[in-house]
Amino acid sequence: MTSDMRRHAIRAAQALIDARPVFLDTETTDLGPTAEIVEICILEHDGRPLVDTLVKPIGRITPGAQAVHHITAAMVARAPSWADIWPEVQAALEGRRVAIYNAPFDVQMMQQSHARHRLRWQSPAEDFVCLMRLYAQYHVSGRWQTLEAAARQCRLPIPATHRARADAELTRAVLQALAARPAR
């Protein structure tokens, strides 16, 4: 990994911080082509929650997904559907840069949730910034790191949960740590 790429990543992180992004994370029913969102959190640039809710999916939560995030069918039974919460989510994202650790995955899950509810997807891709890719530019190996690995490497405390709000907060902390590095 060249020092030029590291400097570029730090400067990009600093520019993103200056843009005052929102931070998004989701938890899902599974990882496949019919997976849907079961929890979403969007944090304001200062860490205040804009959206933080469980979501009732159309399909079932697989045992594998449940083992990761510990969200059960009983927990989402009375939660709003994706169609119910989309106006609130859309309002929180509209006109904003959206920082996501592994943006392609979360954007795909939003698109799949839209499709399951027969909603039309209209969010422009350029609004979403993948912090996993940005961190890979910074990391010595140049390889993608998990959110937990990036947090450890930044010497951040890692929550013992794999939930949307905790991961959105950790994503915010990783971006702040990266932006605080000197861009020599």
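About the criteria used
Residues numbered from 1 in each chain as written. Predicted model: local features only at pLDDT ≥ 70, side-chain atom pairs only at ≥ 80, totals over all residues. Heavy atoms only, no water. Salt bridge = Lys/Arg side-chain N within 4 Å of Asp/Glu carboxyl O. Helix = DSSP H or I, 4+ residues; strand = E, 2+ residues; numbered from the N terminus. Buried < 20%, exposed > 50% of the residue type's maximum accessible area, 1.4 Å probe, protein only. Contact = heavy atoms within 4.5 Å. Core = buried A, V, L, I, M, F, W, Y, C linked by side-chain atoms within 4.5 Å.

A. Geometry of the pattern of salt bridges. All told, the structure shown has seven salt bridges when counted by the stated rule. Between Glu39 and Arg163 there is a salt bridge; the shortest N-O distance is 2.7 Å. Of this pair, Glu39 sits in strand S2 (residues 37–43) while Arg163 sits in the loop between helix H7 (147–153) and helix H8 (164–179); the two residues are 124 residues apart in sequence, bridging distant segments of the chain. In this structure Glu39 comes out as buried when scored by relative accessible area, which is 6%. With relative accessibility at 22%, the residue Arg163 sits in the partly exposed group. Through salt bridges with shared partners, a single network forms among Asp52, Arg165 and Glu169.

B. Spotlight on helix H6 (residues 131–138). In terms of burial, H6 is largely enclosed, as six of its eight residues are buried. Residues Leu131, Met132, Leu134, Tyr135, Ala136 and Tyr138 constitute the buried set of H6. In the core, the buried residues of H6 are packed alongside helix H1 (3–18), strand S1 (22–28), strand S4 (98–100), strand S5 (128–130), H7 and H8.

C. Expanded view of the nonpolar core. Core analysis: the largest hydrophobic core is formed by 49 residues, its most contacted members being Ile40, Ile42, Trp82, Val89 and Leu131. Tallying contributions element by element places H8 first for this core, with eight residues. In contact with Leu131, other than residues within four places in its own chain, are Leu16, Phe23, Ala99, Ile100, Tyr101, Thr171 and Leu175.

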